[in-house]
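Listed below, chain by chain, are the residues.
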Amino acid sequence: MSIEILQPGLSTTIQDSGRNGYQKHGVVVGGAMDPFALRMGNLLVGNEEGAAVIEATLIGPKLLFHEDHLIAISGGDLSPKISGKPVPSWRPVWVKAGSVLAFGHAQKGCRAYVAIAGGIDVPIVMGSRSTYVRAKLGGLEGRALKAGDRIPIGKTNADCFSLDKKGDAPFSTVSWSIGENAIPSYENRSVRTIGGPEFKDFTEESQTRFYEDEFQIAPQSDRMGYRLSGPDLQLKKPKEQISEAVSAGTIQVPPGGSPIILLADRQTTGGYPKIGYVATIDLPILAQKKPGDTLRFQNITVKEAQHALLLRERAINQLKCSIKLMKTGGFKRV
Amino acid sequence: MEHYEFSPLGDSGMIVNMGEEIDRKTLEKVTALSAYLEEHPFDGMTEYVPGFTTVAVFYDPIKIYNQSINEFPYEAVVKTLKQILSKLSTRKQSESRVVDIPVCYGGKFGPDLKEVANHAGLTPEEVVRIHSGTEYMVYMIGFAPGFPYLGGMDERLAVPRRPSPRVSIPVGSVGIGGKQTGVYPIESPGGWQLIGKTPIKLFRPEEDQPSLLRAGDVVRFQPISREEFERLEVGD
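### A few points about the interface of chain A and chain B
Right, so step 1: Taken together, the contact between chain A and chain B spans 39 residues of the former and 43 residues of the latter.
Right, so step 2: Three residues stand out in chain A for area buried against chain B, namely Lys-24, His-25 and Gln-306 of chain A, and they jointly supply 20% of the buried area on that side.
Right, so step 3: Ionic pairing is found between Glu-38 of chain B and Lys-24 of chain A, a salt bridge with its closest N-O pair at 3.5 Å.
Right, so step 4: Counting the contacts that link chain A with chain B gives 14 residue pairs in polar contact (both at pLDDT 80 or more).
Right, so step 5: Contributing elements (two or more residues each) for the side of chain A that touches chain B: strand E16 (244-245) and helix H4 (302-328) of chain A.
Right, so step 6: With nine residues, H4 of chain A is the single largest residue contributor to the side of chain A that touches chain B.
Right, so step 7: Split by residue class, the side of chain A that touches chain B holds 18 nonpolar, 14 polar and seven charged.

If you want it as structure tokens, here you go:
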């Protein structure tokens with residue numbers, strides 16, 4: 001069972017829930033930039049929530065299915081089509097052998113995910129199949145996918161949808177999908193942010209501007225982090241900073257005054273002042289922002305951030321139950 | 001019990017401050033807490049990361065919430081860590097592990113050795129003698145997989161980084177950047193002055209412990225010849 005890459009797209013990699021537990025060895029966590037899209041895609045095809053999927057960035061790949069596969073596309077809208085017909089996202093889709101799934105340009109968001117029933121079966125390196133290109137780890141030979149690659153797919157979980165697999169249509173799907181209100185508001189320009197340990201060390205002016213002004217995502221932004229342009233953020237006086245661990249969402253400010261938000265492929269440690277932390281709940285929104293997009297930081301407490309996570313988890317649990325129910329229900333061709 | 005400061009590292013992590021200064025005493029505390037968490041990870045903990053003066057503890061707020069009643073995850077984790085730290089003060093410190101790293105200095109492996117020597121007003125041989133005659137403390141692994149932040153370099157060897165960084169530095173290169181010395185565990189760009197190379201792998205992704213070194217280790221560099229380098233490299 002394998003899927004062939006006909007065109008790789010801009011930056012297409014294999015990602016899962018990340019390489020957890022190895023930061024003490026200096027190994028980056030990595031994993032899907034949009035953890036919500038990863039979980040949902042996998043749930044929709046009956047996989048483990050953290051199974052390996054394809055992550056496409058801005059310009060998606062062209063994939064040839066050599067066998068029949070159950071897939072789900074989630075995350076940003078990179079205009080996926082099979083035989084010229086748009087493929088709906090956030091729902092299970094049965095793809096016929098010989099079909100080509102082609103992504104176009106980004107309509108909404110920045111990163112799309114393709115989950116395939118059975119999961120992508122590349123070797124596990126330090127507990128994860130995630131690709132970390134800088135250290136040539138995981139994924140397919142530790143690199144971004146390229147034309148001619150064959151992506152191995154694991155054995156399909158028996159607990160999988162029985163879609164209408166007959167007929168000659170290149171794909172078939174269901175009439176339901178994950179509801180719009182359950183999906184993070186990718187268009188939202190405001191991300192919830194917890195104040196960092198050095199927030200108080202910035203000038204009053206910088207503190208005010210940080211929460212009131214808009215920042216723009218600079219072109220040199222990638223999976224490692226987003227560089228922002230906006231108001232100049234300066235410390236009251238230079239401060240000797242000792243390197244320590246950082247997290248996904250940490251907003252650090254180098255002496256130049258332009259903040260950097262650290263993301264999936266961040267280094268494990270950092271030595272710049274930390275003005276804040278983007279709350280975990282809004283990391284999917286960040287993952288879907290592209291260079292040129294603007295954002296604002298909205299101040300919340302740790303308690304509020306954790307409360308928001310608990311509420312989302314409850315919603316996801318409800319979605320899990322609904323998906324289970326739908327599996328036993330009937331399916332309609334579209 | 002000593003007083004430790006806790007601060008949030010976002011909503012899924014916590015920084016435990018173990019001291020203000022980078023010194024042996026702080027390092028011992030960092031190492032003791034790390035060793036405890038390695039052996040006894042608490043439910044809901046995802047991982048810990050030792051720093052120069054801190055230990056970062058990452059946790060899953062959902063798991064923590066589900067097992068603690070009426071408590072917010074951050075507060076529940078502070079409570080758990082306080083209990084651990086109170087037990088910790090009575091634990092006996094273990095001896096530091098000494099790791100010898102063979103290095104072939106100069107030549108094509110250390111293209112900047114002469115420049116470092118010129119800058120320091122020493123001969124290349126003296127640079128090698130000083131660099132390999134010092135014991136270094138591993139304070140933290142970070143920056144790159146398996147990269148050790150080493151303390152203890154002789155200040156005479158301090159030299160500014162190269163004006164423009166090299167695009168690609170081979171795995172195992174030993175360099176000096178400012179007052180720091182270290183080994184490049186993976187091929188990467190970098191601006192350090194290269195004085196030698198080790199055939200030993202500091203990062204081994206296929207091993208249980210992918211980083212050869214860990215915080216608290218003592219490192220010694222041993223000069224080896226080109227022939228020994230090649231023999232060790234083949235034997236690896």
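### Some points on the sheet that holds strand E15 (residues 225-229) of chain A
All names here are of chain A.
Right, so step 1: Taken in spatial order, the seven strands line up as E13-E20-E17-E18-E15-E14-E21 and close into a barrel, and their pairing is mixed. Mean inter-strand twist for the sheet, computed between neighbouring axes without regard to direction, equals 40°.
Right, so step 2: Relative to strand E20 (residues 274-278), strand E17 (residues 250-252) runs antiparallel, the two sharing three bridges. Within the sheet, the bridge partner assigned to Ile-251 lies in E20 and is Gly-276.
Right, so step 3: The strands touched by helix H2 (residues 204-212) within the sheet are strand E13 (190-195), strand E14 (215-217), E17, E20 and strand E21 (294-299), with E21 carrying the most contacts at an inclination of about 115°.

### Side note on the pattern of salt bridges
All names here are of chain A.
Right, so step 1: Counted under the stated rule, the structure contains 30 salt bridges over all chains.
Right, so step 2: With a closest N to O distance of 3.7 Å, Arg-150 and Glu-4 form a salt bridge. Of the two residues, Arg-150 is situated in strand E11 (residues 150-152) and Glu-4 in strand E1 (residues 2-7); the sequence distance between them amounts to 146 residues.
Right, so step 3: Glu-4 gets classed as buried once you look at its relative accessible area, which sits at 17%.
Right, so step 4: For Arg-209, the salt bridge goes to Asp-213, with nearest N and O atoms at 2.9 Å.
Right, so step 5: Residue classification places Arg-209 among the partly exposed positions, given a relative accessible area of 33%.
Right, so step 6: Through salt bridges with shared partners, a single ionic network connects Arg-39, Glu-49, Glu-313 and Lys-320.

### Things to note about the sheet that holds strand E12 (residues 171-173) of chain A
Pairing between sheet strands relies on hydrogen bonds along the backbone, with the strands arranged either parallel or antiparallel.
Residue and element names in this part refer to chain A.
Right, so step 1: On the basis of which strands lie adjacent, the open sheet formed by six strands has the order E2-E3-E10-E5-E8-E12 and antiparallel pairing. If you trace the sheet from one side to the other, it starts and ends with strand E2 (13-15) and E12, each paired once. Across the sheet, the axes of successive neighbouring strands diverge by a mean angle of 30°, strand direction being ignored.
Right, so step 2: With four bridges joining them, strand E3 (residues 53-57) and strand E10 (residues 108-116) adopt antiparallel strand pairing. Each residue of the ladder has a partner; that of Ile-54, found in E10, is Val-114.

### Quick notes on unusual backbone geometry
Residue and element names in this part refer to chain A.
Right, so step 1: Even without glycine at this site, Leu-58 takes up a positive phi of about 60°.
Right, so step 2: Inspection of the secondary structure puts Leu-58 in the loop between E3 and strand E4 (62-65).
Right, so step 3: Taking relative accessible area as the criterion, Leu-58 reaches 23% and is therefore assigned partly exposed.
Right, so step 4: With a phi close to 40°, Ser-79 is a non-glycine residue in the positive phi region.
Right, so step 5: Looking at the element boundaries, Ser-79 is found in the loop between strand E5 (69-77) and strand E6 (81-82).

### Observations regarding the packing of helix H4 (residues 113-120) of chain B against helix H5 (residues 124-132) of chain B
Residues and elements named next belong to chain B.
Right, so step 1: The N-to-C vectors of H4 and H5 enclose an angle of 90°; their axes lie 8 Å apart at closest approach. Relative to H5, H4 is oriented roughly perpendicular. Taking contact as the criterion, the partners of Leu-113, Lys-114, Val-116 and Ala-117 in H4 are, on H5, Pro-124, Val-127 and Val-128.
Right, so step 2: A class-by-class count of the residues in the contact of H4 with H5 yields six nonpolar, no polar and one charged.

### Comments concerning the nonpolar core
Right, so step 1: Of all hydrophobic cores here, the largest spans 48 residues; its most connected members are Phe-210, Leu-286 and Phe-297 of chain A.
Right, so step 2: Element by element, the count of residues in this core is highest for helix H1 (residues 35-44) of chain A, at six residues.
Right, so step 3: Both domain 1 (2-176) and domain 2 (190-300) of chain A contribute no fewer than three residues apiece to this core.
Right, so step 4: If we ignore the near neighbours within four places in the chain, the residues touching Phe-297 of chain A are Val-191, Thr-193, Phe-210, Tyr-211, Phe-215, Leu-228, Ile-251, Ile-261 and Val-278 of chain A.
Right, so step 5: The next biggest cluster of nonpolar side chains, apart from the first, holds 43 residues, and it includes Ile-300 of chain A together with Val-16, Ala-56 and Tyr-74 of chain B.

### Details of the packing of aromatic side chains
What characterises a pair of aromatic rings is the spacing of the ring centres plus the angle enclosed by the ring planes.
All names here are of chain B.
Right, so step 1: One pass over the structure, following the stated rule, counts 16 aromatic pairs over all chains.
Right, so step 2: Relative to Tyr-149, the ring of Phe-147 lies with its centre 5.5 Å away and its plane at 90°, an arrangement referred to as edge-to-face.
Right, so step 3: A residue is classified by how much of its surface remains accessible, and Phe-147, at 4% relative accessible area, is buried.
Right, so step 4: Overall, the relative accessible area of 12% leaves Tyr-149 in the buried class.
Right, so step 5: Relative to Trp-192, the ring of Phe-147 lies with its centre 5.8 Å away and its plane at 75°, an arrangement referred to as edge-to-face. Placement of the pair is Phe-147 in the loop between strand E6 (135-141) and strand E7 (148-151) and Trp-192 in the loop between strand E11 (188-190) and strand E12 (193-197), with a sequence separation of 45 residues. Like Phe-147, the residue Trp-192 is buried in the burial classification.
Right, so step 6: An aromatic cluster is defined as three or more aromatic residues linked by ring pairs; in this entry it consists of Phe-52, Tyr-139, Phe-143, Phe-147, Tyr-149, Tyr-184 and Trp-192.

Parameters and conventions
Residues numbered from 1 in each chain as written. Chains lettered and ligands numbered in written order. Predicted model: local features only at pLDDT ≥ 70, side-chain atom pairs only at ≥ 80, totals over all residues. Heavy atoms only, no water. Contact = heavy atoms within 4.5 Å. Buried area = accessible area lost by both parts, 1.4 Å probe. Salt bridge = Lys/Arg side-chain N within 4 Å of Asp/Glu carboxyl O. Polar contact = N/O pair within 3.5 Å; in protein donor to acceptor, adjacent residues only side chain to side chain. Helix = DSSP H or I, 4+ residues; strand = E, 2+ residues; numbered from the N terminus. Nonpolar A, V, L, I, M, F, W, Y, C, P; charged D, E, K, R; others polar. Pairing = 2+ DSSP bridges. Axes fitted to C-alpha atoms, helices over the stretch in contact; angles between N-to-C directions. Buried < 20%, exposed > 50% of the residue type's maximum accessible area, 1.4 Å probe, protein only. Parallel < 35°, antiparallel > 145°, perpendicular 65-115°, else oblique. Core = buried A, V, L, I, M, F, W, Y, C linked by side-chain atoms within 4.5 Å. Domains from an automatic or database assignment. Phe/Tyr/Trp six-rings, centres within 6.5 Å; stacked < 30°, edge-to-face > 60°.

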